[in-house]
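Residue-level structural notes
Okay, here's what each chain looks like letter by letter:
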Amino acid sequence: MDIKSNLAEVENKIVNACKKAGRDRNEVRLIAVSKTKPVEILQKAYDENIRYFGENKVQELSDKIPKLPSDIKWHFIGHLQRNKVKYIIGKVDLIHSVDSYRLAKQIDDDSKKNNLISNILIQVNVSNESTKFGTSNEEVFDLIKAVSELENIRVKGLMTIAPATDNPEECRVYFKKLKELSTEIEKLNLKNVEMKELSMGMTGDYEIAIEEGATLVRVGTGIFGERVYS
Ligand SMILES: *Cc1c(COP(=O)(O)O)cnc(C)c1O
């Protein structure tokens, strides 16, 4: 598998989706989702100028960080347990997957202990699938209001995972909904809350997500190939 040509293809698709939507390429950041892949493979992507990597397991992330260049911005995109927050505080650029006040409070507490501010996104289960994490389209407002009172957290936007489908057009409605929620939340003018980022779009649907306003696309398979779980 050729990381270099995969990356070129992804870049090309990002550029075309931006053009189609009348957006500037610089408005969209590519997060290379490297879960299950060995550090040698991540290094290849790094050598092609990738600086944002997404991981979904605390242990795997902790193992990889010391083995790769220190200017990598690590994004935590998986379900996060409260007792593991302490292992990633100060090591990640952005946590995409905050979906409860209890988790946010833990991040706030551990950030205070380390004398730093943590950037987070609120994960919304826009499609309301029972198998997915995330707060609901209704509860997101109260959750963000509560989180905005936490001093060592900055909410930078929203994240969602669209349903798995063979037809990415079906995801458009969910991306539109996330954008709509973000516009409504912005109007509340909450302290420590900025609706700057929309983390949406994966290998199957990132072009549609970009058309609908994504600022962070999380692409794994399209860069690194299929994942093999042993
Ligand atoms: C694995 C994962 C991705 C990447 O999925 P691909 O389909 O391989 O691009 C994106 N977002 C999250 C939250 C993931 O867990």
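As shown above, the structure is provided for reference.
Now for a description of the structure that goes with this document. (Residues numbered from 1 in each chain as written. Predicted model: local features only at pLDDT ≥ 70, side-chain atom pairs only at ≥ 80, totals over all residues. Heavy atoms only, no water.)

Moving on, we come to the overall build of the protein. Of the regular secondary structure elements, the protein holds nine helices and eight strands. Over its C-alpha atoms the protein spans a radius of gyration of 17 Å, differing by no more than 12% from the 17 Å that the globule rule assigns to 230 residues. Counting only C-alpha atoms and orienting by the principal axes, one finds that the protein spans roughly 45 × 40 × 35 Å. Here the protein holds 230 residues, and the buried ones make up 50% of them. Just so you have it, the protein exposes about 11,300 Å², and 46% of that area is on carbon and sulfur atoms. In the protein, which carries 36 positive and 36 negative side-chain charges, the distance between the mean positions of the two groups comes to 4 Å. (Helix = DSSP H or I, 4+ residues; strand = E, 2+ residues; numbered from the N terminus. Rg over C-alpha atoms; globule rule 2.2 N^0.38 Å. Buried < 20%, exposed > 50% of the residue type's maximum accessible area, 1.4 Å probe, protein only. Areas by Shrake-Rupley, 256 points an atom, 1.4 Å probe, with all protein chains shown as cover. Lys, Arg positive; Asp, Glu negative; His and termini not counted. Charge placed at Lys NZ, Arg CZ, Asp CG, Glu CD.)

The next thing to look at is the side chain of Arg218. Topologically, Arg218 is positioned in strand E8 (residues 216-219). At 2.9 Å, the side chain of Arg218 and the side chain of Ser199 are in polar contact. (Polar contact = N/O pair within 3.5 Å; in protein donor to acceptor, adjacent residues only side chain to side chain.)

The next point concerns helix H6 (residues 140-147). Restricting attention to buried positions, one finds in H6 the residues Val140, Phe141, Leu143, Ile144 and Val147. Down the axis of H6, the sector holding all buried residues measures 165°, keeping them to one side. Contacts from the buried residues of H6 go to helix H5 (101-113), strand E5 (118-123), strand E6 (153-159), helix H7 (172-187) and strand E7 (193-199). (Arc of directions from axis to C-beta. Contact = heavy atoms within 4.5 Å.)

We now examine the site of the ligand. Every residue lining the ligand is accounted for by Val33, Lys35, Ile77, Ile161, Met202, Thr203, Arg218, Val219, Gly220, Thr221 and Arg227. Interatomic distance of 2.6 Å between a side-chain N/O atom of Lys35 and an oxygen atom of the ligand. In the model, an oxygen atom of the ligand is placed 2.5 Å from a nitrogen or oxygen of the Thr221 side chain. Coverage of the ligand by the protein amounts to 89% of the 390 Å² it exposes when considered alone. When each cavity is represented as a set of grid points, the ligand is found to reside in the largest pocket. By residue class, the composition of the shell around the ligand is five nonpolar, three polar and three charged. (Near = heavy atom within 4 Å. 1 Å grid on protein atoms, 1.4 Å probe; cavity = no way out; pocket = protein on both sides within 12 Å on 5 of 7 lines; lining within 4 Å. Sits in = over half its atoms within 2 Å of the grid points. Nonpolar A, V, L, I, M, F, W, Y, C, P; charged D, E, K, R; others polar.)

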